[in-house]
Amino acid sequence: MFDPDRFSRGEAKATLGSYFPFGLGPRMCTGASYVTFLGIKVIARLCSMFDFETVNTDEVRPDSTLYLKPSRPVLCKVHKRKFSK
Ligand code: HEM
């Protein structure tokens with residue numbers, strides 16, 4: 001089950017390889033730190049401006065072919081938040 005909160009709840013220990021959207025090892029993405037920083041800023045900004053409602057509730061599995069991604073597109077209806085700038 002995709003449950004990333006299991007790490008913050010202390011039910012699982014994060015080990016090398018638990019999270020690998022940027023690959024692993026000597027050829028790991030050199031932009032990983034930059035994109036992680038930027039990604040958090042972009043997601044925080046989008047979530048402050050919009051609400052996201054998933055359209056298709058079919059199961060989404062992690063697909064680790066080459067890099068970690070959802071097994072299918074996660075389509076959403078995007079609603080502008082009332083008090084967003
Ligand atoms: C969300 C954005 C990004 C994702 C998901 C991503 C993911 C990846 C992945 C999966 C690899 C292959 C790692 C492997 O072979 O094990 C890679 C390699 C690489 N990435 Fe990224 N990347 C991102 C953004 C960037 C950015 C912004 C830069 C540069 C500023 C960058 C520079 C590189 C370079 C130079 C490599 C080749 C490293 C090597 O072969 O030694 N990436 N990236």
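So, here is what we can say about the structure in this document. (Residues numbered from 1 in each chain as written. Predicted model: local features only at pLDDT ≥ 70, side-chain atom pairs only at ≥ 80, totals over all residues. Heavy atoms only, no water.)

Re the site of the ligand
Part 1 of the reasoning: All residues in the neighbourhood of the ligand are listed as Pro-21, Phe-22, Gly-23, Leu-24, Arg-27, Met-28, Cys-29, Thr-30, Gly-31, Val-35 and Tyr-67.
Part 2 of the reasoning: Grouping the constituent residues of the shell around the ligand by class yields 7 nonpolar, 3 polar and 1 charged. (Near = heavy atom within 4 Å. Nonpolar A, V, L, I, M, F, W, Y, C, P; charged D, E, K, R; others polar.)

Here's the deal with the environment of Pro-73
Part 1 of the reasoning: Assignment of secondary structure puts Pro-73 in the loop between strand 3 (69–70) and strand 4 (76–80).
Part 2 of the reasoning: When its relative accessible area of 62% is taken as the criterion, Pro-73 is described as exposed.
Part 3 of the reasoning: Pro-73 sits 13 residues away from Val-60 along the chain, and the two C-alpha atoms are 8.6 Å apart. (Helix = DSSP H or I, 4+ residues; strand = E, 2+ residues; numbered from the N terminus. Buried < 20%, exposed > 50% of the residue type's maximum accessible area, 1.4 Å probe, protein only.)

Structural notes on the layout of surface pockets
Part 1 of the reasoning: Considering only enclosed or pocket space, the largest pocket measures out at about 500 Å³ in volume.
Part 2 of the reasoning: Lining the largest pocket are 15 residues, with Phe-2, Pro-4, Tyr-19, Pro-62 and Leu-68 sitting closest to its centre.
Part 3 of the reasoning: Those elements that provide at least two residues to the lining of the largest pocket are helix 1 (5–8) and strand 3.
Part 4 of the reasoning: Grouping the constituent residues of the lining of the largest pocket by class yields 11 nonpolar, 1 polar and 3 charged.
Part 5 of the reasoning: The volume enclosed by the second largest pocket comes to roughly 240 Å³.
Part 6 of the reasoning: For the second largest pocket, the full set of lining residues is Tyr-19, Pro-21, Phe-22, Val-35, Thr-36, Gly-39, Ile-40, Ile-43, Tyr-67 and Leu-68.
Part 7 of the reasoning: Classifying every residue of the lining of the second largest pocket by side-chain character gives 8 nonpolar, 2 polar and no charged. (1 Å grid on protein atoms, 1.4 Å probe; cavity = no way out; pocket = protein on both sides within 12 Å on 5 of 7 lines; lining within 4 Å. Points joined across faces, edges and corners; volume = space filled by probe spheres on them.)

Remarks on a nonpolar patch on the surface
Part 1 of the reasoning: Together, Tyr-34, Val-35, Phe-37, Leu-38, Val-42, Leu-46, Phe-52 and Val-78 give the surface a local cluster of nonpolar side chains, amounting to about 740 Å² of exposed area.
Part 2 of the reasoning: Among the elements that take part in the nonpolar patch, helix 2 (residues 32–49) stands out by supplying 6 residues, more than any other.
Part 3 of the reasoning: Note on placement: Leu-38 falls in helix 2.
Part 4 of the reasoning: Classification of Leu-38 by relative accessible area gives partly exposed; the value is 34%. (Patch = residues over 30% accessible without salt bridge, like charges linked within 9 Å, V, L, I, M, F, W, Y side chains within 5 Å. Areas by Shrake-Rupley, 256 points an atom, 1.4 Å probe, with all protein chains shown as cover. Salt bridge = Lys/Arg side-chain N within 4 Å of Asp/Glu carboxyl O.)

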